[in-house]
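In case you want the letters, here they are:
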Amino acid sequence: MPVAASAIYFLNLRGDVLINRTYRDDVGGNMVDAFRTHIMQTKELGNCPVRQIGGCSFVYMRISNVYIVIVVSSNANVACGFKFVVEAVALFKSYFGGAFDEDAIKNNFVLIYELLDEIMDFGYPQNLSPEILKLYITQEGVRSPFSSKPKDKPVPNATLQVTGAVGWRREGLSYKKNEVFLDIVESVNLLMSSKGNVLRCDVTGKVLMKCFLSGMPDLKLGLNDKLGLEKESEMKSRPAKSGKTIELDDVTFHQCVNLTRFNSEKTVSFVPPDGEFELMKYRITEGVNLPFRVLPTIKELGRTRMEVNVKVKSVFGAKMFALGVVVKIPVPKQTAKTNFQVTTGRAKYNPSIDCLDKKFPGQTESTLSAEIELISTMGEKKSWTRPPIQMEFQVPMFTASGLRVRFLKVWEKSGYNTVEWVRYITKAGSYEIRC
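Residues numbered from 1 in each chain as written. Predicted model: local features only at pLDDT ≥ 70, side-chain atom pairs only at ≥ 80, totals over all residues. Heavy atoms only, no water.

Our focus in this paragraph is the overall build of the chain. A count of helical and extended segments in the chain gives 8 helices and 23 strands. Buried residues in the chain amount to 44% of all 435 residues. Nonlocal contacts in the chain, meaning residues at least 24 apart in sequence, comprise 70% of its contacts between residues at least 6 apart. (Helix = DSSP H or I, 4+ residues; strand = E, 2+ residues; numbered from the N terminus. Buried < 20%, exposed > 50% of the residue type's maximum accessible area, 1.4 Å probe, protein only. Contact = heavy atoms within 4.5 Å.)

With that settled, the discussion passes to the nonpolar core. One finds M209, F270, L279, F292 and M391 to be the most contacted residues of the largest nonpolar core, which totals 62 residues. Looking at this core, the element that brings in the most residues is strand β8 (residues 179-192), giving 6 residues. Those residues in contact with M391 that lie beyond four places of it in its chain are F292, V294, V312, V325, V326, V327, A428, Y431 and I433. In this structure, L18, V66, F96 and I137 belong to the second largest nonpolar core, which totals 34 residues. (Core = buried A, V, L, I, M, F, W, Y, C linked by side-chain atoms within 4.5 Å.)

Let us now look at helix α2 (residues 78-96). Along its 19 residues, α2 runs 27 Å from first to last C-alpha, staying within 8% of the 27 Å computed at 1.5 Å per residue. Every buried residue belonging to α2 is among G81, F82, F84, V85, A88, V89, L91, F92, S94, Y95 and F96, and all of these are buried. (Expected span 1.5 Å × (residues − 1).)

Okay, the side chain of N12 next. For N12, the location among the structural elements is in strand β1 (residues 7-12). Given the relative accessible area of 2%, N12 is considered buried. At a separation of 3.1 Å, a polar atom in the side chain of N12 contacts the main-chain amide nitrogen of R14. A distance of 2.8 Å separates a polar side-chain atom of N12 from the backbone nitrogen of D16. Beyond its immediate sequence surroundings of up to four residues, N12 is in contact with L18, M40, N65, Y67 and E102. (Polar contact = N/O pair within 3.5 Å; in protein donor to acceptor, adjacent residues only side chain to side chain.)

A few words on the environment of V310. Mapped onto the secondary structure, V310 falls in strand β15 (residues 305-314). Judged by relative accessible area, V310 falls into the buried class, the value being 2%. Sequence separation of V310 and V342 is 32 residues, and the distance between their C-alpha atoms is 9.7 Å.

On to helix α4 (residues 109-119). Since one α-helical turn is 3.6 residues long, residues separated by three or four positions face the same way. Where α4 is concerned, the buried positions are L111, I112, L115, L116 and I119. On an axial view of α4, the arc spanned by its buried residues comes to 135°, and they lie on one face. (Arc of directions from axis to C-beta.)

A sheet is described by the order of its strands in space; here 4 strands give the open sequence β14-β15-β20-β17, paired in antiparallel fashion. In the strand order of this sheet, the two ends are held by β14 (292-301) and β17 (335-342), each with one partner. Taking the axes of each pair of neighbouring strands and ignoring which way they run, one obtains an average angle of 15° across the sheet. Looking at chain direction, β15 and strand β20 (residues 365-374) are connected through 9 bridges and run antiparallel. By the bridge assignment for β20, K313 is matched with E365. (Pairing = 2+ DSSP bridges. Axes fitted to C-alpha atoms, helices over the stretch in contact; angles between N-to-C directions.)

Looking now at the sheet that holds strand β12 (residues 268-270). Read from one edge of the open sheet, 3 strands run β12-β10-β22, paired in antiparallel fashion. The open sheet has two free edges, formed respectively by β12 and β22 (405-411), since each of these has just one partner strand. Each neighbouring strand pair of the sheet contributes to a mean axis angle of 10°, computed without reference to strand direction. One ladder, built from 6 bridges, connects strand β10 (residues 218-223) with β22; its direction is antiparallel. From the neighbouring strand, G222 faces β22, where its bridge partner is F407.

Moving on: the pattern of salt bridges. Taken as a whole and assessed by the stated rule, the structure comprises 13 salt bridges. Taking the shortest distance from any N to any O, the salt bridge between E102 and R14 comes out at 3.9 Å. Here E102 is found in helix α3 (residues 102-106), whereas its partner R14 is found in the loop between β1 and β2 (17-22), with 88 residues between them in sequence. For E102, a relative accessible area of 11% gives the class buried. With relative accessibility at 59%, the residue R14 sits in the exposed group. In this structure, K83 engages E87 in a salt bridge whose closest nitrogen and oxygen atoms are separated by 3.1 Å. Of the two residues, K83 and E87 are both situated in helix α2; the distance of 4 residues between them amounts to about one turn of the helix. On the accessibility criterion, E87 (29% relative accessible area) is partly exposed. Each of R14, D16, E102 and K106 takes part in salt bridges that share partners, so that together they form one network. (Salt bridge = Lys/Arg side-chain N within 4 Å of Asp/Glu carboxyl O.)

Read these as geometric descriptors, not functional statements.
Laid out in structure tokens, this is it:
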């Protein structure tokens, strides 16, 4: 069920009520005293963000020097409550010039009360979009002197924006050049054994878009995902084209995506917001194409010497290249001196993080050989735990999942021409190799 909040309180770090709004009469006005006595004064704020006292639940979060507390008397959706708090703070910041703290609340009492009446009705969250609310709540907040954000201009057709189905895009947009930029950004998470066996691997990705389109365009995006290709071949009554298909897991979409059409046709159709936004997120657990393979060999020669040999090979295509490649090889804390040789790139010893940094261009195989001298200590008898080797990299025009854009169609009633740009980027998430 939704939040069904009985009241919301804004407290400072001393527990004083800065502002509050009661939505239901099923809780008493002294509930904030119970929160202050049983939670704030007992120093239990950091233990759990949800507490139950006297038949009521307190869902609270600290933002800057302000505690936002939601009081509910029923079994409410806590995740929805936290989502409401985050969205409400983003709304307040958009009115206050990017600042949200005790001073911003004291300087904007009237505006906050007006917003609290709009964003929650009888304890149920309503529209929290700054773009929509600013169409009919035009009062400007007291902005922070450090804010450099420009003031938003009022937009016509407020009633249509609030009651219509497309609340994330205003009418009347016009550009001399209509362009769409689409980025598929993936992060590879890997745990590999010292012998090159993959122990754990997955890819988290997101589709980022930046649209500069006139009017109210309708976009359709086709990917090489398995469900979409199978549905397309079924609708056209012909076998699916051969090629790699991707099974997407844990897919989440921006609110602009037409979910009804996606469920029936398995294509991503949407009226995009103006500017930059995140269209969708996904995860891949099978068929991951690793951009790099690392084979380490570490030998401990007594208590004062070590030999390290690490071979790194790029697996992606020869016409591609990697940027910002860093290989962090752990060494013991008692390292005194290092001597190393590299076939390509450069290497250095970084004592602040106890590792060797190795950088080299992509599409190559590189080897680092190092001799490490250690300080002999009498009291330290524990063996070195050998933390994993870590990698950082960025590979343009490569996707570890194999995801590709099959088509990106733009339709608008005026029939103007558009320019579409597509880019792929793969980065290292948690890319670790055991020594």
